[in-house]
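# Summary of structural features
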Amino acid sequence: MIARALAFFTRLLTGGTPRWRGCLPEQKQRIYFANHTSNLDLVLLWSALPSSIRCRTRPVGARDYWSFGIRGMLAKDVFNAVLIERKQVTRSSNPLAPMLDALRAGDSLIIFPEGTRGPGAEIAEFKPGLYHLAKGHPGIEFVPVFIENLSRVLPKGEILPVPILCSVNFGTPLHLEPGESKPDFLTRARAAIVSLQPPQ
Amino acid sequence: MNLDPDLLKLFGGILGILVTASIISAVLKARVTSEKGRKVVENLVSRTNAWWVMAALFATAITLGKSATLLMFALASFFALREFITLTPTRRGDHRTLFWAFFIILPLHYWTLWIWWYGLFVLLIPVYAYLFIPMRSALAGDTERFLERTSKVQWGLMVAVYFLSYAPALMMLEVPGWSDEHPERNARLIFFLVFVVQISDVMQYVWGKLCGKRPIVPKLSPNKTVEGFIGGGLSATLFGGALWWATPFSPFAAAGLAAVIVVMGFFGGLVMSAIKRDRGVKDYGDLIPGHGGVMDRVDSLCFAAPVFFHIVRWAYS
């Protein structure tokens, strides 16, 4: 119910048109990785997926942000989020472990490999987690997703959203090539998102 | 609830036109052979289907009365403004200004219509919102392209909210001897305006496809041709004149007003296309299948509505 209401509200503000440009919405285990500019990214990407796929897809979020109050409730009951440490990383709280567990259970993931929200147009360098996931699960499709315009709906630091039309663009899936190095894979993954950007 | 028998007759006419259009597009679909023709017909079919939905929404709203009509136009303004602002490269510093435009100025403007505070309805956006927008953006402190950004938000509010709202404002007029004792008759004035605007667009499209050769402004809109404009404009003028019995106008006055609506509507389409070309897009949005966005459908109405409203107000009430 809450999930539907949230998806409806986000659609009302943003249109939220999904555009499947490089693949189709299929019932496959996948990792969707996207640019990150707004707190609504997660809601928009998640509501752009058909509900049959959505229920097996878990967003990855930072434990320090998604643990308390309303956010905690949303993360747990609505999104079924995979929460990872980004502050006190120790051997016992390896951020990769919960993601690998979720993949082993057969779920798909939504991940924002920049790690934090950027100011808008620029896409920051990717954190290495994506590469480690690809190495651990070479069979999984990595789907690049470019979320257009959402930074204008709710920029970092603002509380009130503004209605602007957005689109969620799904590109052609990638895999880790045999022998591909970490920086090469991360650069290629980032370029896949950049290539989905409309020409300015 | 407005079950004015003449309004129902008008709806009957629309029903007839839509059934005819659906039959024609079904026949064309069965006959078309070329690849290019198939695309045109596919677009025609989705346009016609969308017309059914839009006509049903519009008829329901004006039948339900003032509040439903205002709500429908307020939503149309909201969607059109959303499309306009999306296309406009605003900056981070405009965020709070935009929040005001969408969630305070727009509802406030429709509220002045709802309580029929004519003085404020006419002034709120062109004077007070016009002053407020640069004030709010200046507070945000971003000076880059300041004038350009400010004007674009002002333009969006004027076209998508202010001009468009003159269509439902017809509901509030009092035409002595006609609608002063029967305010429900004003629904027919809105019908007249919207029908002439839209039939003019459709007829210009049809005439343009049938015999359009010389584009009026080739660089801007190659599909708007002299032949399409003259044929479509004359047809729409005749249609408007033929509806005189449902209005307070004489047959000639009805045709004359229809001609004014046609010309203003034509320029509305042209100006709003110029903005699209400048931004390098074909449509403002994709909410209405076959038509594009809401703004693509109401652009001509936005330009025709205030002129029609003021002529009727000065000459008839």
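A brief report on the enclosed structure follows. Computed from a predicted model, the values in this text were never measured in an experiment. (Residues numbered from 1 in each chain as written. Chains lettered and ligands numbered in written order. Predicted model: local features only at pLDDT ≥ 70, side-chain atom pairs only at ≥ 80, totals over all residues. Heavy atoms only, no water.)

## Describing the overall build of chain A
The cut-off we apply is this: Helical segments are the DSSP runs of H or I of at least four residues, strand segments are the runs of E of at least two, and each set is numbered from the N terminus. Note that the radius of gyration is over C-alpha atoms, with the globule rule given as 2.2 Å times the number of residues to the power 0.38. A simple rule labels every residue: compare its accessible area, found with a 1.4 Å probe on the protein chains alone, to the largest value its type can have, and call it buried under 20%, exposed over 50%, or partly exposed in between.
Each helix and strand counted, chain A has nine helices and seven strands in total. Relative to the compact-globule value of 16 Å for 200 residues, chain A shows a C-alpha radius of gyration of 16 Å, a close match. Counting only C-alpha atoms and orienting by the principal axes, one finds that chain A spans roughly 45 × 40 × 30 Å. Burial analysis of chain A (200 residues in total) assigns 52% to the buried set.

## Some words on the interface of chain A and chain B
Condition: Note on definitions: a residue-residue contact is assigned when non-hydrogen atoms from the two residues lie within 4.5 Å. What gets called buried area is simply the loss in accessible area from a 1.4 Å probe that two parts show on being joined, summed for both. What makes a salt bridge here is a side-chain nitrogen of Lys or Arg within 4 Å of a carboxyl oxygen of Asp or Glu, nothing more. By the criterion applied in these results, polar contacts are pairs of N or O atoms within 3.5 Å in which, for protein atoms, one can donate a hydrogen and the other can accept it, and in which residues neighboring in sequence qualify only through two side-chain atoms.
Each partner contributes to the interface: chain A provides 21 residues, whereas chain B provides 17 residues. For the chain A and chain B pair, buried surface summed over both sides reaches about 1,500 Å², with 57% attributable to carbon and sulfur atoms. Where chain A packs against chain B, one counts two salt bridges. In this structure, Glu158 of chain A and Arg96 of chain B form a salt bridge, with 2.7 Å as the shortest nitrogen-oxygen distance. On the surface where chain A and chain B come into contact, there are ten residue pairs in polar contact (both at pLDDT 80 or more). Broken down by secondary-structure element, the contributors of at least two residues to the side of chain A that touches chain B are helix 1 (2–14), strand 1 (17–20) and helix 8 (150–153) of chain A. At four residues, helix 1 of chain A tops the list of elements feeding residues into the side of chain A that touches chain B.

## Remarks on the state of the cysteines
Defined as follows: A pair of cysteine sulfur atoms is labelled a disulfide when the two atoms are within 2.5 Å.
Applying the stated criterion across every chain, the model contains zero disulfides over all chains. Cysteine Cys55 of chain A is unpaired, with the sulfur of Cys23 of chain A as its nearest cysteine sulfur at 18 Å.

## Things to note about unusual backbone geometry
In this structure, Asn149 of chain A is a non-glycine residue whose phi angle is positive, near 80°. Of note, Asn149 of chain A is situated in the loop between strand 6 (141–148) and helix 8. The class of Asn149 of chain A is buried, set by a relative accessible area of 19%. We note that Trp116 of chain B has phi near 50°; this positive angle belongs to a residue other than glycine. In this structure, Trp116 of chain B sits in the loop between helix 4 (95–114) and helix 5 (118–140). We classify Trp116 of chain B as partly exposed; its relative accessible area is 28%.

## Structural notes on the pattern of salt bridges
Residue and element names in this part refer to chain B. Summed over the entire model, instances satisfying the criterion amount to 26 salt bridges over all chains. Two residues, Arg188 and Asp4, come together in a salt bridge whose shortest N-O distance is 2.6 Å. Remark: Asp4 occurs in the segment before helix 1 (5–31) and Arg188 occurs in helix 7 (residues 186–211); sequence separation between them is 184 residues. Pair check on accessibility: Arg188 and Asp4 agree, each one buried. A single salt-bridge network, built from bridges that share partners, covers Arg91, Asp94, Asp142, Glu144 and Arg149.

## Details of the nonpolar core
For clarity, the cut-off: Here, the term nonpolar core denotes a set of buried Ala, Val, Leu, Ile, Met, Phe, Trp, Tyr and Cys residues that are joined through side-chain atoms within 4.5 Å.
Core analysis: the largest hydrophobic core is formed by 119 residues, its most contacted members being Phe170 of chain A together with Phe192 and Leu193 of chain B. Here this core gets twelve residues from one element, more than from any other, and that element is helix 7 of chain B. Core analysis: the second largest hydrophobic core is formed by 29 residues, Phe33, Val60, Ile123 and Ala192 of chain A among them.

## Some remarks on the sheet that holds strand 4 (residues 82–84) of chain A
All names here are of chain A. Going by this rule: A pair of strands is considered paired only if DSSP assigns at least 2 bridges between the two. Interaxial angles span 0 to 180 degrees and are taken between N-to-C directions of axes, which are lines fitted to C-alpha atoms, for helices over the stretch in contact.
Strand order in the open sheet formed by seven strands is 1-7-6-2-5-3-4, with mixed pairing between adjacent strands. Strand pairing shows two members of the sheet lacking a second neighbour, strand 1 and strand 4, which therefore form its edges. Direction aside, neighbouring strands of the sheet carry axes that sit 25° apart on average. The sheet strands contacting helix 6 (residues 96–104) are strand 2 (30–34), strand 3 (57–62), strand 4 and strand 5 (108–111), and the helix crosses strand 4 at an angle near 160°. Contacts between helix 9 (residues 182–194) and the sheet are confined to strand 2 and strand 6, with strand 6 contributing the most and set at about 45° to the helix.

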